[in-house]
Amino acid sequence: MNPKIFFRFLGLGLLFFAIPATAWSQQELAYQLKKDDFFKIEQKAQQRIVQELEGSMHELTNDLEAIFTFKVIQKNESNFIIQMAFEDFGMKTTSNLQGVLIDVKASQPVEGDMVSEIFAGLVGYQLQMTLGKSGKIEEVKGGNELVENMISKASITDDFTKNLMRKSLEKEFSSAGLAKSFEQMTYFYPETPVSVGDVWKNEFTGKLKAKNNWKLEALDSTEGKIQGNSNIIVDTNENGTVMSLTGTQQTAIITNAENGFIKTIASESFAEGVSKMPQMGNVDIPTSIKSTISYKLIQ
């Protein structure tokens, strides 16, 4: 099994709000968490990558399912310290030309399957996240140690293979990689109070660059609704394979008005452009990616 398979891990989007005394008609959207708050989230995602070259088509489909938890362990004046852990992580990668390339479930590792054993290292490993009230992720601790735990679970003894896997995993699961991934789904709060119908902007950086326009669609005593429309750029270089794509993304968020945490998130995106691979002579290959992601609060 080829351990160099391309995949993307996305984090969770959250929304919290409070009502300032100075403006009864506007809402200050911000995190309002309490110590010992606990949330369990189910994530499902599908990514369909299509490449066309000389009349032939290669379609790669990544299906992902994950369950992870958040527990607030400290509330500060300007941020929150959150303990985060994966309860499960599953991914299946299928090629229309080569069949199933990867089929792993972290809670059910297959002995002797290096990729399966690596992902088993995700389960139960505790990370610490510092989340600002604005939605910015200020820091993630434990990601680098998580990468080493994943490698050790596979009992890899060859230094070359260890270094190869370390470089690959660090892009997604290092502290810096996790911070960028989660921030793309946590940071969509306005800097000033807003009313229903108001819009605001922000931007994400990293592999997925996005210029976002958010709108507060509705807010009552039970739930809030936010819609997002984004222009996105996918700019990656994975093991010599370069992707340069542009497109759009739409996001719908429903929150629980009592505690501000999400009830559901649904996101769809489509981007197209070109990719280049050394084994194909670095010619421009028309490429598109269609993605759907959903999050559901289950506890």
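Let us look at the structure shown here. Note that the structure is predicted; figures quoted are calculated from it, not measured. (Residues numbered from 1 in each chain as written. Predicted model: local features only at pLDDT ≥ 70, side-chain atom pairs only at ≥ 80, totals over all residues. Heavy atoms only, no water.)

## Observations concerning the side chain of Gln249
So, point 1. When you line up the elements, Gln249 lands in strand 12 (residues 241-256).
So, point 2. On the basis of relative accessibility, which here comes to 11%, the residue Gln249 falls in the buried class.
So, point 3. Leave out the neighbours within four places in its chain, and Gln249 touches Leu208, Gly228, Asn229, Ser230, Ile232, Ser267, Glu268 and Ser269. (Helix = DSSP H or I, 4+ residues; strand = E, 2+ residues; numbered from the N terminus. Buried < 20%, exposed > 50% of the residue type's maximum accessible area, 1.4 Å probe, protein only. Contact = heavy atoms within 4.5 Å.)

## Concerning the packing of helix 3 (residues 159-173) against helix 4 (residues 175-183)
So, point 1. Two elements in contact, helix 3 and helix 4, have axes separated by 5 Å at closest approach and are oriented at 35 degrees. Between helix 3 and helix 4, the residues in contact are Lys171, Glu172 and Phe173 and Ser175, Gly177, Leu178 and Ser181, respectively.
So, point 2. Its residues assigned to classes, the contact of helix 3 with helix 4 comprises two nonpolar, three polar and two charged. (Axes fitted to C-alpha atoms, helices over the stretch in contact; angles between N-to-C directions. Nonpolar A, V, L, I, M, F, W, Y, C, P; charged D, E, K, R; others polar.)

## Some thoughts on the pairing of strand 6 (residues 99-105)
So, point 1. Bridging between strand 5 (residues 79-95) and strand 6 involves six bridges; their strand directions are antiparallel. If you follow Thr93 over to strand 6, its bridge partner there is Ile102.
So, point 2. Where strand 5 folds back on strand 6, the antiparallel hairpin that results is connected by three residues. (Pairing = 2+ DSSP bridges.)

## Observations regarding the packing of aromatic side chains
So, point 1. Tallied over the full model, the rule gives eight aromatic pairs.
So, point 2. Note on Phe68 and Phe182: the rings are 6.4 Å apart at their centroids and 85 degrees apart in plane angle, and the pair reads as edge-to-face. Placement of the pair is Phe68 in strand 4 (residues 56-75) and Phe182 in helix 4, with a sequence separation of 114 residues. We note that Phe68, like Phe182, is buried.
So, point 3. A centroid spacing of 6.5 Å and a plane angle of 80 degrees characterise the contact between Phe119 and Phe173, whose relative ring orientation is edge-to-face. Of this pair, Phe119 sits in helix 1 (residues 114-120) while Phe173 sits in helix 3; the two residues are 54 residues apart in sequence, bridging distant segments of the chain. With respect to class, Phe119 is no different from Phe173; both count as buried. (Phe/Tyr/Trp six-rings, centres within 6.5 Å; stacked < 30°, edge-to-face > 60°.)

## Focus: the environment of Asn202
So, point 1. Relative to the helices and strands, Asn202 resides in strand 9 (residues 199-204).
So, point 2. As for Asn202 and Glu191, which are separated by 11 residues in sequence, their C-alpha atoms are 9.6 Å apart.
So, point 3. In this structure Asn202 touches Tyr187, Phe188, Tyr189, Ala210, Lys211, Asn212 and Trp214, once residues within four positions along its chain are discounted.
So, point 4. In terms of polar contacts, Asn202 uses its side chain to reach the side chain of Trp214, at 3.1 Å. (Polar contact = N/O pair within 3.5 Å; in protein donor to acceptor, adjacent residues only side chain to side chain.)

## Let's talk about the packing of helix 2 (residues 143-153) against helix 3
So, point 1. Axis separation between helix 2 and helix 3 bottoms out at 10 Å; the angle between their running directions is 140 degrees. Between helix 2 and helix 3, the angle is such that the two are oblique. Of the two possible hands of crossing, helix 2 and helix 3 adopt the one that is right-handed. Of helix 3, the residues touching helix 2 (which contributes Gly143, Asn144, Leu146, Val147, Glu148, Met150 and Ile151) are Lys162, Met165, Arg166, Leu169, Glu170 and Phe173.
So, point 2. The class makeup of the residues in the contact of helix 2 with helix 3 is seven nonpolar, two polar and four charged. (Parallel < 35°, antiparallel > 145°, perpendicular 65-115°, else oblique. Left-handed = near helix turned anticlockwise from the far one by under 90°.)

Geometric values such as these leave the question of function open.
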